[in-house]
Structures are given as C-alpha cells and as structure tokens.
Amino acid sequence: MKTAVLSDIHANLPALEACLAHAREQGVGRFALLGDLVGYGGDPIAVLERVMALVQHEGALAVLGNHDALALDPPAVPRQRGEQSAAWTHTQLRPAHRAFLSSLPLAARLSPEVLLVHASADGPERWHYIEDASAAERSLSAAAQQDGAVRYVFSGHVHEQALYYLTPTAKLMRFAPQPGVPIPVPPHRQWLAIVGSVGQPRDGDARAMYAIYDDAAAQITFHRVEYDVPAAAAAIRAAGLPEFDAERLERGR
C-alpha cells in the first residue's frame, strides 16, 4: 500500500489541500501526519478539522509536534514568534480540537517495521533536530533499541527533505532526494526519511513537501507540490500574525 507521509503543515490549508489532492492522484491508500499541524499559519481550525476527518474516517495516523504542544499550553508572556503564534492559536481552539491534540502520541507505528515521530526517536519529547548524520544515527539507534523490527523511521521537524541509511559496514550515509524520483529502500538496511514541511518549506523553494512510502515496492518518493502561496500568506496577515511568517512562505525560506 502507498502511504502519504506529511509533516509540519503549520496551519497552511492551501498547502495541505494541494498535497492531499496530489497524493490521491498517486494512488495513495492511507495518510500519516507527523505533527506540527498548527503554528505560524492562519488556518489552524480548518487544518485540524481536515486532519481530524482523515483520522476518523480514513484511518490516518497522526503524532504530536512541538508547535501542537505549544498551542495547547502557550507561555503567559509570548516572546518569540512561535510563541506569539501559539498564543493566538490557543484562543482559536475549541474543546474538540484541544482534546484531539492532547490525544496525539509522540510516536506511532505504521507497521511493525515503520516508526512515525515528529522529531527524533531519541527522546521524542525533547524535539531534537535531525540535521546531520550523527543526529540521524542517534534516532535510528533509539528506534532499534525500542524494537529491533523497526527498519524505517519517518520524521519531520527540519523543514527540508533528506534520506539517511546505514551501509553494510554500519556507516550512516545521507542522500539528497530528487522530487518525483522513486528511491529503493530495501528492508535489509535501516532508513530514516525526513519528509520536509507541507506548510512552511525552508530550502528556498516555496512548493509544499511530502513523501510517499510504498511498502509493497519498498520505495520512497519525495514530492514537491505547487499551491496557492498568496492565499496562505493572506490568511497569516488577516489573522494579525507576524508579517515575517507571511513573507517566509513567499520566499520559501
């Protein structure tokens, strides 16, 4: 079965809808969402309603992200942009949305071989960034220690796309994926896929990011998807959120 793995939506409804539509065109049969559903963007309620429907009606899996946790319990005096957005998002949430976010686990299993986590499997509650091979190795090692059956770890949090794998000599390698090109990921190795950000890319390309995992073919395909960036930026401005967050969408960085 093909699974669309989406992360870091950040309350960006146009980007989410574009990725969902693209995934269905690719024959995806299920969805996995790796957290940071809210934060920064101007449509947290619409995004949560969409995700909640995917979970309830289509059996999607979802895990908690750091911005989701922050929106549930923002600081009394916000100082950083993320905290400002979290404080505003908190005022928008209704009891059903709070209950949904509160119910999300830090990690989940798509199958015995596949672990889903927002950041690193090495202390997921500490929100470690996987930005190099050392951090990727710690995450893979932690996943293997939890259960030796795990061969694939899917993460977000970094807002870029990358694929790490262990060679036969136990050396960890980083691979830069090309959009739309399937990558063989045989289960005799361990793999860690950073699927990027649906709602706030930060690699200089404004297109939304996600990945498709095909367990039958043992392939991962990373995708970039065009979406209505001006509409997403307008939602941020209409909400009175920091201008920088709207400009970041327009720049893709």
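Only a predicted model underlies this, so the values are computations on that prediction, with no experimental measurement involved.

Reading guide: rules and limits
Residues numbered from 1 in each chain as written. Predicted model: local features only at pLDDT ≥ 70, side-chain atom pairs only at ≥ 80, totals over all residues. Heavy atoms only, no water. Helix = DSSP H or I, 4+ residues; strand = E, 2+ residues; numbered from the N terminus. Expected span 1.5 Å × (residues − 1). Contact = heavy atoms within 4.5 Å. Phe/Tyr/Trp six-rings, centres within 6.5 Å; stacked < 30°, edge-to-face > 60°. Buried < 20%, exposed > 50% of the residue type's maximum accessible area, 1.4 Å probe, protein only. Pairing = 2+ DSSP bridges. Axes fitted to C-alpha atoms, helices over the stretch in contact; angles between N-to-C directions. Core = buried A, V, L, I, M, F, W, Y, C linked by side-chain atoms within 4.5 Å.

*Asks:* Got a sec to walk through helix α2 (residues 44-58)? Specific residues and values, please.
*Replies:* With 15 residues, α2 ought to run about 21 Å at 1.5 Å a step, and its terminal C-alpha atoms sit 20 Å apart, in line with that. Considering only its buried residues, α2 is in contact with α1 (13-25), β2 (30-33), α4 (81-92) and α5 (95-103). Just downstream of α2 lies Gly-59, where phi reads positive at about 70 degrees.

*Asks:* Can you tell me about the packing of aromatic side chains, naming the residues and giving the values?
*Replies:* Following the criterion strictly, the structure yields three aromatic pairs and no others. Each ring, one from Tyr-152 and one from Tyr-213, has its centre 5.3 Å from the other, and the planes form 45 degrees; the classification is tilted. Linking Tyr-152 in strand β6 (residues 152-155) with Tyr-213 in strand β11 (residues 208-214), this pair joins segments that are 61 residues apart in sequence. Taking relative accessible area as the criterion, Tyr-152 reaches 2% and is therefore assigned buried.

*Asks:* Pulling in residues and values, what's your account of the sheet that holds strand β4 (residues 107-111)?
*Replies:* Across the sheet, which stays open at both edges, the six strands sit in the order β4-β5-β6-β10-β7-β8 with mixed pairing between neighbours. At either end of the open sheet lies a strand with only one pairing partner, and these are β4 and β8 (172-175). Across the sheet, the mean angle from the axis of one strand to that of its neighbour is 20 degrees, orientation sign disregarded.

*Asks:* So what's going on with the nonpolar core? Residues and values would help.
*Replies:* Within the largest apolar cluster, 43 residues are counted, with the highest numbers of intra-cluster contacts made by Leu-6, Phe-31, Leu-37 and Tyr-210. Counting only elements with at least two residues in this core, the list comes to β1 (2-6), α1, β2, α2, α5, β11, α7 (229-238) and α8 (243-251). Setting aside its immediate chain neighbours within four residues, Leu-6 contacts Leu-16, Cys-19, Leu-20, Phe-31, Ala-32, Leu-33, Leu-34, Val-198 and Tyr-210. Judged by nonpolar contacts, the second largest core, of 21 residues, contains Leu-34, Phe-154, Tyr-165 and Ile-220.

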